[in-house]
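Per-entry structural report
The lines below spell out each chain.
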Amino acid sequence: MFSSGVSIFMDNSGKTPLGGAGRRSSGPQGTRLFSTAQLRQYSDAVASAVDRRASVHEPVLEGLSAGLQLQRFTLRAGRQAIGRGSDNDIVVDDPSVSTAHAWIINQHGRYLIMNTLSTNGTFVNDRRIHETSLKHGDHIRLGEAELVFLTRESGAPNPRRLRWMVAALAVCLGLSALAWWLV
């Protein structure tokens, strides 16, 4: 049974709650029992270990500075709080980052970053901002912590460039066919 984040376990008869020192480490069939807090920690650890690929539909913030390297935070719809406090959606454990430092907001597929009166400020591409739109490759600095906003993976073709290449190829093929037909 779960009650406000605290697990209560019963003995085999189902009558006596076991807690503290008397709590069993496994259920009647040998199933290990976890508290809500333990499950949340396990879920967070697994979620942070997943290497998500950046896309226009699922952009990511990727850590650049020491302590954040190789960390990726997938952005979702709505508003996400960023800061040092553990109650933020994106936790940046750096003493120069305020407890509630900034918000990233998805407005109709466009991502905005907004400073929330942080002590050390929020910077995008080395410009101090209060609020600004983000685009692929923007460097974000919260205090001394640095992240990059990605909407595609490095080395992946730029969709706009790919469209131009296809259009140019179609024009070349059309001109070649016309030249062959005229000759």
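If you're wondering where the values come from, they're calculated on a predicted model, not measured in any experiment.

1. With respect to the pairing of strand β15 (residues 145-150)
In terms of burial, β15 is a largely internal element, 5 of the 6 residues being buried. Judged from the 4 bridges that link them, strand β5 (residues 60-63) and β15 form a sheet pairing that is antiparallel. Of the residues in β15, the one forming a bridge with Leu-61 is Phe-149. One ladder, built from 4 bridges, connects strand β14 (residues 139-142) with β15; its direction is antiparallel. Looking across to β15, one finds that His-139 is bridged to Val-148. From the end of β14 to the start of β15, which pair antiparallel, there are 2 residues, and Gly-143 there has a positive phi angle of about 65°.

2. Focus on the sheet that holds strand β13 (residues 131-133)
If you walk across this open sheet you meet the 5 strands as β8-β7-β9-β10-β13, and the pairing is mixed. For this open sheet the edge positions go to β8 (90-91) and β13, each flanked by a neighbour on one side alone. Pairing analysis gives 5 bridges linking strand β7 (residues 78-83) to strand β9 (residues 102-107), with the strands arranged antiparallel. Looking at β9, one finds that Gly-78 is bridged to Asn-106.

Basis of the calculations
Residues numbered from 1 in each chain as written. Predicted model: local features only at pLDDT ≥ 70, side-chain atom pairs only at ≥ 80, totals over all residues. Heavy atoms only, no water. Buried < 20%, exposed > 50% of the residue type's maximum accessible area, 1.4 Å probe, protein only. Helix = DSSP H or I, 4+ residues; strand = E, 2+ residues; numbered from the N terminus. Pairing = 2+ DSSP bridges.

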